[in-house]
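# Per-entry structural report
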Amino acid sequence: MTAARPALRIHGATHVGSVREANEDAMIVDEQVGLFAVFDGMGGAMAGDVASQKARDVVKEYVRARRGQMDPRAMLDAALNAASAAVHGEAQVRRDRRGMGTTAVVCLLLDDRRALIAHVGDSRAYLLRGGRLNQLTRDHTVVAELLAQNAITPEEAEVHAYRSVLSRNLGAKPDTRVDITEIELTRGDRLLLCSDGLYGFASTEAVQQLLGSTDAPEQVARDLIELALRGGGGDNVTVVVLEAGAAAVPRTTQLMRTSGSVSWWARRERFFEAARAAGVAQNPICAVLSPAEAIEIVAGNFVEALFHDLEKATTVNVWTYAENLAHGWLDRGGAWAPLRLILDILHHACGQVVADVRRDDADLALLIEAAVTRELTVCEMAVGGVLGEQLRAVDAALLKLYAERQVASEARAPGDGARPFVEQPTMPFLRNDRAPEPAGPEVRPVLDAALRVAVGRGGDAALHDLLTRLHRLAVDASPPAAVTVQARELFGVRQLEERAIAPVFDALDRARRALVDAISAGTAPPSAKVAAVRQLASASHGLAASMAGLVVEAAQPGAHKLREVVRETAALRAKVGKTEARVAELERRFATVYDPLAGKIAMDQAIADVGPSRPSAPGILARRRPGRETQR
Amino acid sequence: MTELADRINVLRDEVLDTVEQGDRDLPGAEVFEAVVRQLAALGDSSGHAGIDLTLHDAIARRLAWGDTEEAVLGDADRVFERLVKAVQRALRDPDDQIAVLETASDVLTAAARIVALSAVGRAGRDRSARLREELAQRRLREALTEQQTTLARLEQELKDSGL
Amino acid sequence: MATPADHAAHLESLRPAVLARLVEIRGSLDHALGRVPEAEAREHLDAVLRHMQAYIATWDWRLHRAFLQSYLALRAGDGMSSDDVIHVLAAVGDVVVEAVRAQARSSTDQEVVVAVTKVNAHTVRGVIDLVAEELERRRAQRDQLLRGGAP
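Owing to the predicted nature of the structure, the values given are computational and were not obtained by experimental measurement. (Residues numbered from 1 in each chain as written. Chains lettered and ligands numbered in written order. Predicted model: local features only at pLDDT ≥ 70, side-chain atom pairs only at ≥ 80, totals over all residues. Heavy atoms only, no water.)

### Observations regarding the overall build of chain A
Let me state the cut-off plainly: Under the DSSP-based scheme used, a helix requires at least four consecutive residues in state H or I and a strand at least two consecutive residues in state E, with every element numbered from the N terminus. Per-residue accessibility, obtained with a 1.4 Å probe over protein chains only, is compared with the maximum for each type, and a residue is labelled buried under 20%, exposed over 50%, and partly exposed between these values. We call two residues contacting when some pair of their heavy atoms lies within 4.5 Å. Values of accessible area rely on a 1.4 Å probe in the Shrake-Rupley scheme; residue burial ignores everything except the protein chains shown.
Looking only at helices and strands, chain A has 19 helices and 11 strands in total. For chain A, the proportion of its 632 residues judged to be buried stands at 54%. Pairs at least 24 residues apart make up 72% of the contacts formed inside chain A by residues separated by at least 6 positions. As displayed, chain A has an accessible area near 26700 Å², and 52% of this comes from carbon and sulfur atoms.

Laid out in structure tokens, this is it:
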């Protein structure tokens, strides 16, 4: 779907993704009205697409009918509220659509230089200006709002169980709170509206690079969809890309895209020669390649990627090159040192090319040096991303192993330790002062008969144990303390893990249902049956709540310990912060008396010295330092 | 919605004590609504009750917004007590009474299970957070050692340069 | 050809404008900084800029690495991943490059652009070396746990 305005180019695209069967996203690209939007429906069972399409239609119609007659901000607010009411209304009418809703992110152009962005939910708007991507919207998720209130830390947010729970959407209620901001558009800006199917499956930097390329919005939208699909495409993905006129390209950039890239390409042999001399073919990463293949694959592909980047004023090719190189090596369990060495060889060979250019044209060499250094930084960033992924994977394994240890050491009977749990219950539902309602004399025989029938139907030991406990609690109309004792016995020495806890609740449900079935099938008078079921319900509820209470209690020491550790970290951080301030103060004084040109710039020299003889150890550069003789 | 679900829904004000608690954010409303939903599903031949994700989300939301597990279970307990009394008074048919009591028991066990598993989840997150903190502490200690070395070096360099 | 001290002086003249820009866009640079009061964010970003300036004057890699190590450790305590730290530092560097580039008139100015671009390259390189070292350590820790040793 493409539209055009004199100063704007716009394109929207949507894709069902690789996993979902239906596309629950919807969008608006209405160039005539200047209205663009993305909706991401939810609610399952085909209700999500109903919600998003309904909201789309309402917003579109509302804005079309009232544009020019209302204050634009009030109009957008009202349009989204009308959409929420319509979706909510639809959900009330049909049971299979109950709970459906949709997110919305809407852009309304006020003129060619101003726009309003309205949103509800976690669909986002981004603005790319000067190569930098800014997120214009803040997700309306429970976690994002807790984060904004500083109620949780970013670290807690990352692993929060409810990080995907929306705090606002269109349809949950007839009205909703809409966030609206006004933005100024300048020439060259690119605005992106998208559903979480994009940012959930593509990195921000990849989005930034594609959005920042010189391609037309149509191609960018296609590439963004492709990016999300390559990232797994686990959700529907929808993007709308708006470009506020092509950016004025700086003279230096124009020069790089023409003379710079040509000059780089013309010196590729110089690059290969430098890479060869620095020992690229001897690097363990190239162990299975012949020397010629090593040059072709490692150096050749880099030279080509960099050439295309210089030509298009982007960094996406070099990024992809470095990411592939790092994945290819590190995913096989390769060590860091050879990869570091390869990166330094590339850096070194770039330096040789720049030195070559400098002999012919010093000004162009400066431009190329800045551009190539930027590309090398991007290379390092891409590798850093892969390292970050590896770190997260190792962390996950580490956490799992550590947790298994902790779980094993935490397993104990509740009530062990200093504080007797039953005598001092801390939870309101376990209070001892609530007198149980006694059962009438007609109930006991009904419950006894039900137990006999239920036990006679077979089942495992856990079920029989629960049948007996439930029966006893129902017959005795036991006070909460007695229920807690039963729960504690049931809990036993149990690990605080879902697989250890969940089966007890399952067994409790099974036992209660077996007894109720037996009561219902029995021949007792109806009033006695009802009374027996009431006693049973009360006993079952007491046991379930007590069990939950014990689990909560058992989890508490871990929480206390965590608070202690967090306090220690905070103290340590404060100390590091304070020492850093002292270092910074001395560093500033040091900078006034130190002249690095008297010697060599440490890092540059290290890269110039790169070669096959360099020991393959990380941090080698860290050991290089200017000697005292370099001081004035 | 089945007739029975409708008749229980009518008891909402009584069970949730709206006179005392007001009409918004009623404590334990998620449990009452789950009972009504489950009763409605009982009479719906096209569907089955299954896991009540709405109840899960409602409790999850309460916990996420800072309500304690104690509060959630305490509210559920109060709703259960009031529901049992209201049903005893309002429903004549023993089968209806049994159906509601059984449904309420299902929902209450589900609620207790959600709370328990949420505590289990939190315990797991606490363990992870503790390890992360310990790893962060190790990095901070290393940084501190490096800072001490840097400080000593800078002080020496500045002293040597006469500043 | 200008000296590193000249480059640092040039940066010093641009520091207020660069700092203002960084404070303005801090939310998109770094979510943690977006949530703290402006004065606190300003102080934080100014410390980074001042360190960059010191590095451009000295090119003392050991000092730079020590700074990066502290920065990484402190930000990890804020819950930032190593990728986030790389991006924040690279983004701060990019803003400085943009500011210098916007002012660039002569080849000396272009030298400053190259110098600042180099600072960014060194910074990112330094951070990923530290991340790689941390990865090696954690792998060792994991292997030790797998063998049944103490964490």
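### A closer look at the interface of chain B and chain C
Put simply, the rule reads: Simply put, the buried area is the total loss of 1.4 Å probe accessible area from both parts when two parts are fitted together. Salt bridges are counted wherever a side-chain nitrogen of Lys or Arg sits within 4 Å of a carboxyl oxygen of Asp or Glu. Polar contact criterion, stated in full: a pair of N or O atoms within 3.5 Å, where within protein one must be able to donate a hydrogen and the other to accept it, and residues adjacent in sequence count only if both atoms are side-chain atoms.
Tallying the contact residues gives 11 residues for chain B and 14 residues for chain C. Across the chain B to chain C interface the summed buried area is about 1400 Å²; carbon plus sulfur atoms make up 51%. Among the residues chain B hides against chain C, the three largest losses belong to R138, R139 and R153 of chain B. Together they make up 44% of the total. At the boundary of chain B with chain C, the tally comes to four salt bridges. Note that E142 of chain B is salt-bridged to R137 of chain C, the shortest N-O span being 3.2 Å. Run the count over chain B and chain C and you get five residue pairs in polar contact (both at pLDDT 80 or more).

### Remarks on the side chain of R124 of chain A
Residue and element names in this part refer to chain A. With respect to the helices and strands, R124 occurs in strand β7 (residues 124-129). Residue R124 is classed as buried on the basis of its relative accessible area, which comes to 14%. Of note is the side chain of R124, whose polar atom sits 2.8 Å from the side chain of Y126. At 2.8 Å, the side chain of R124 forms a polar contact with the side chain of D139. If near-sequence neighbours (up to four positions away) are discounted, R124 is found in contact with V105, Q135, T137, D139, L192, L193, C194 and Y199.

### Some thoughts on the interface of chain B and chain A
At the junction of the two partners, chain B supplies 61 residues and chain A supplies 80 residues. When chain B packs against chain A, the two sides together hide about 6900 Å² of surface, and 66% of this comes from carbon and sulfur. Looking at the side of chain B facing chain A, the largest losses of area belong to R127, R130 and R132 of chain B, adding up to 10% of the total buried there. At the surface where chain B touches chain A, the tally comes to five salt bridges. A salt bridge links D106 of chain B to R513 of chain A; its shortest N-O distance comes to 2.7 Å. Linking chain B with chain A are 15 residue pairs in polar contact (both at pLDDT 80 or more).

### As for the packing of aromatic side chains
All names here are of chain A. Note the following rule: Each Phe, Tyr or Trp ring (for Trp, its six-membered ring) is paired with any other whose centre lies within 6.5 Å, and the angle between the two planes then decides the class: stacked below 30 degrees, edge-to-face above 60, tilted in between. Lysine NZ or arginine CZ positioned within 6 Å of the ring centre and within 35 degrees of the ring normal marks a charge as sitting over the ring.
Inspection of the entire model under this criterion finds seven aromatic pairs over all chains. An aromatic cluster is defined as three or more aromatic residues linked by ring pairs; in this entry it consists of W264, F271, F272, F302 and Y321. Sitting over the face of the ring of Y62, R66 holds its NZ or CZ atom 3.7 Å from the ring centroid.

### Observations concerning the confidence of the model for chain A
All names here are of chain A. Put simply, the rule reads: Confidence scores labelled pLDDT are given residue by residue by the predictor and lie between 0 and 100.
Confidence in the prediction of chain A, expressed as mean pLDDT, is 83, and 86% of residues score 70 or more. Taken together, the stretch residues 413-429 has pLDDT below 50 and engages in 36 contacts with residues farther than four places along the chain or on a different chain. For residues 615-632, every residue scores under 50 in pLDDT, and the model assigns this stretch 36 contacts once sequence neighbours within four places are set aside.

### Digging into unusual backbone geometry
With a phi angle near 50°, W59 of chain C is a residue other than glycine that sits in the positive phi range. Given the relative accessible area of 3%, W59 of chain C is considered buried.

### What to know about the sheet that holds strand β4 (residues 35-42) of chain A
Residues and elements named next belong to chain A. Rules: Should DSSP find at least two bridges between two strands, the strands are taken to pair. Axis definition: a line fitted to C-alpha atoms, over the contacting stretch in the case of helices. Angles run 0 to 180 degrees between N-to-C directions.
Reading across the sheet, the five strands line up as β3-β4-β5-β6-β9 and stay open at both edges, with antiparallel pairing between neighbours. Each having just a single partner strand, β3 (25-30) and β9 (179-184) make up the two edges of the open sheet. Strand-to-strand twist in this sheet, taken as the mean axis angle between neighbours without regard to direction, amounts to 10°. Relative to strand β6 (residues 114-120), strand β5 (residues 101-109) runs antiparallel, the two being bridged by six bridges. Paired with V105 across the two strands is H119, which belongs to β6. Where helix α1 (residues 47-66) meets the sheet, its contacts fall on β3, β4 and β5, and the angle it forms with β4 comes to roughly 155°.

### So, helix α12 (residues 336-360) of chain A
Residue pairs spaced three or four apart in an α-helix point in one direction, given the helix's 3.6 residues per turn. Short version of the rule: Here, expected helix span is obtained from the residue count minus one, scaled by 1.5 Å.
Between its terminal C-alpha atoms α12 of chain A stretches 37 Å, which fits the 36 Å expected from 25 residues at 1.5 Å a residue. Among the 25 residues that make up α12 of chain A, 19 are buried, leaving the element largely enclosed by the rest of the structure.

### A word on the confidence of the model for chain C
On average, chain C scores 86 in pLDDT, and the residues at 70 or more come to 95%. Listed scores for the predicted complex are pTM 0.66 and ipTM 0.92.

### Quick notes on the packing of helix α18 (residues 526-593) of chain A against helix α6 (residues 69-90) of chain B
We count it as follows: By definition in this entry, angles of less than 35 degrees are roughly parallel, angles greater than 145 are roughly antiparallel, angles of 65 to 115 are roughly perpendicular, and the rest are oblique. Three categories are distinguished: nonpolar for Ala, Val, Leu, Ile, Met, Phe, Trp, Tyr, Cys and Pro, charged for Asp, Glu, Lys and Arg, and polar for the others, with Gly belonging to the last.
Contact geometry for α18 of chain A and α6 of chain B: axes closest at 11 Å, N-to-C directions at 175°. Between α18 of chain A and α6 of chain B, the interaxial angle falls into the category roughly antiparallel. Between α18 of chain A and α6 of chain B, the residues in contact are R534, A537, S538, H541, A545, A548, G549, V552 and Q556 of chain A and E69, E70, L73, D77, F80, V84 and Q88 of chain B, respectively. Tallied by class, residues from the contact of α18 of chain A with α6 of chain B come to seven nonpolar, five polar and four charged.

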